[in-house]
Amino acid sequence: MFKIVTDSTADLPVEYLKEHDLGCMNLSYIMDGVTYGQGQELPEKEFYALMRQGKMPTTSQVNPEEAKAHFTEYLKENKEILCIAFSSGLSGTYNSMRIAADEIMEEQPDCKIIVIDSLCASLGEGLLVHKAVTLRDQGKSMEEVAEWVKNNRLHLVHVFTVDDLYHLYRGGHVSKATAFVGTLAGIKPKLHVDNDGHLIVIGKVRGRKKSLHALVDYMEEKMGSYRDQNDIVFISHGDDLPAAELVRDLVKARFGMDSFLINYVGPTIGSHSGPGTLALFFMGEER
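All values reported here derive from a predicted model rather than from experimental measurement.

Basis of the calculations
Per chain, the residues get numbers from 1 upward, laid out in the order the sequence is written. Residues qualify for local features only when their pLDDT is at least 70, as the model is predicted, and side-chain atom pairs are given and counted only at 80 or more; totals for whole chains, interfaces and linings, by contrast, use all residues. For the side-chain quantities, the full set of heavy atoms in the structure was used; hydrogens and water were omitted. Each helix is a run of DSSP H or I of at least 4 residues and each strand a run of E of at least 2, with the numbering of both proceeding from the N terminus. By definition, residues are in contact when any of their heavy atoms lie within 4.5 Å. N or O atoms within 3.5 Å of each other form a polar contact, as long as, within protein, one can give a hydrogen and the other can take it, and as long as residues adjacent in sequence are counted only when both atoms are side-chain atoms. The span one expects for a helix is its residue count, reduced by one, times 1.5 Å. Think of it in three bands: with a 1.4 Å probe and only protein chains considered, a residue is buried below 20% of the maximum accessible area for its type, exposed above 50%, and partly exposed in between. Note that the arc is defined by the directions from the helix axis to the C-beta atoms. Strands were regarded as paired on the criterion that DSSP finds at least two bridges between them. We call Phe, Tyr and Trp rings a pair once their centres come within 6.5 Å, taking the six-membered ring for Trp, and we label the pair stacked below 30 degrees between planes, edge-to-face above 60, and tilted otherwise. Crossovers are described as right-handed under a simple rule: with the strands pointing away from the observer, the path leading from the first strand over the helix to the second runs clockwise. In this description, a line fitted to the C-alpha atoms serves as the axis of each element, helices being fitted only across the stretch in contact, and the angle between N-to-C directions of two axes falls anywhere from 0 to 180 degrees.

**Q** Can you lay out the environment of Glu143 for me, pointing to particular residues and giving the numbers?
**A** Mapped onto the elements of the fold, Glu143 is located in helix H6 (residues 142-152). Spatially, the C-alpha atom of Glu143 lies 35 Å from that of Glu44, the residues being 99 residues apart in sequence. Once you skip the residues sitting within four places of it in the chain, Glu143 turns out to touch Glu80 and Lys112. Among the polar contacts listed, one links the side chain of Glu143 to the side chain of Lys112, at a separation of 2.9 Å.

Right, dumping it as structure tokens:
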């Protein structure tokens, strides 16, 4: 059986990674002068507490040398690797992994590494990995799973809202005026990840509760004929579990779904979206 590898921006719980024997490359970040990443982790609750105190993290991608070291380690246990990477629209990590994979396959012709640009982020990437794991466990070959991932990644719908527009302004996703006026007026943006894997504002809602309901409205609008593929729905949050549970309950009540995975938005994406982010991920006809 081949090995599936992803990166920390998939925001999958550590237990999930262990249970399904997944490889994971951690993107690093600097918070308050300390570098965190592979081997040194800051609990998410502490990370968001520091952000609420005004600490501003900076993030960095996986570089080709790091990717090569990880692949080399994983190849000791398996000669076939399928790597599902963070959206190239948000990071150079996919490109680093591709460069590393090409170098290794030249040096070791007996191994095979397929690297796929997920065009996804957070638990959207995580849900795509979960679908790949399910197919692998059903006995599909690496090539079959890779083909499915490529054909279906744009059916992985992301919709989310943030509690504070300042962090989106910092990342260049909204203008300073929008952030200032929106914050004063209690405006909450509705965003998604588009077909190129970029973060795009697609609407605005006044008030936190309405913004959470708007995520579920978007799910109804986008699911279409893919409704039956949503045997599980993923939800991520920037240290606001009650909001995540509210969205779960809304989805359950409206669509009758009862299988969910809820986890934190990890530090790499949380650095740009901030505390209070709430994201919903599901399969749909289009993004």
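**Q** Can you tell me about helix H4 (residues 93-107), naming the residues and giving the values?
**A** If you check H4, its first and last C-alpha atoms are 21 Å apart, about what 15 residues at 1.5 Å a residue would give, namely 21 Å. Three or more residues of H4 are buried, namely Thr93, Tyr94, Ser96, Met97, Ala100, Ala101 and Ile104. All buried residues of H4 fall inside an arc of 155 degrees around its axis, so they share one side. Next to the buried residues of H4 lie strand S1 (3-7), strand S2 (23-25), helix H3 (64-75), strand S6 (80-85) and strand S7 (112-117).

**Q** With reference to specific residues and values, describe the sheet that holds strand S5 (residues 58-59).
**A** Strand pairing in a sheet takes place through backbone hydrogen bonds and is either antiparallel or parallel in direction. In spatial order, the strands read S4-S3-S5; together these three strands make up an open sheet with antiparallel pairing. Of all strands in the sheet, those bounded by a partner on one side alone are strand S4 (34-36) and S5. When strand S3 (residues 29-31) meets S4, the two strands line up antiparallel, connected through three bridges. In the sheet register, Tyr29 faces S4, and the bridge partner there is Tyr36.

**Q** Provide a residue-level description of the packing of aromatic side chains, including the pertinent values.
**A** Remark: the centre distance and the inter-plane angle together describe each pair of aromatic rings, the angle taken between the planes. One pass over the full model with this rule turns up four aromatic pairs. A ring pair is formed by Tyr29 and Tyr36, whose centres lie 5.4 Å apart and whose planes are at 25 degrees; its orientation type is stacked. As far as the burial class goes, Tyr29 and Tyr36 line up, both buried. Between Phe47 and Tyr48 the ring centres are 5.1 Å apart and the planes differ by 80 degrees, which places this aromatic pair in the edge-to-face class. We note that Phe47, like Tyr48, is buried. Ring-pair connections join several aromatic residues into one group, and the members of that group are Tyr29, Tyr36, Phe47, Tyr48 and Tyr264.

**Q** If you had to explain the pairing of strand S11 (residues 233-237) to someone new, which residues and values would you point to?
**A** Regular strands have side chains that alternate between both faces of the sheet. Among the five residues that make up S11, five are buried, leaving the element largely enclosed by the rest of the structure. Here S11 shows no split at all, with Val233, Ile235 and His237 on one side and Phe234 and Ser236 on the other all buried. Of the pairings in the sheet, the one linking S11 to strand S12 (residues 260-264) comprises five bridges and is parallel in character. Along S12, the bridge assignment pairs Ile235 with Ile262. Note on the crossover from S11 through helix H10 (residues 241-255) to S12: the handedness is right-handed.

**Q** Outline the sheet that holds S2, supporting the account with residue identities and numerical values.
**A** Ordered in space as S2-S1-S6-S7, the four strands form an open sheet in which the pairing is parallel. With partners counted over all chains shown, the strands left at the sheet margins are S2 and S7, one partner each. Averaged over all adjacent pairs, the angle separating strand axes in this sheet is 20 degrees, with direction ignored. Of the strand pairs in this sheet, S6 and S7 are connected by six bridges, and their pairing is parallel. Looking across to S7, one finds that Leu82 is bridged to Ile114. Strands in contact with H4 are S1, S2, S6 and S7; relative to S7, the strand with the most contacts, it is inclined by about 165 degrees. Sheet strands touched by helix H5 (residues 122-137): S1 and S6. Its angle to S1, the strand with the most contacts, is close to 175 degrees.

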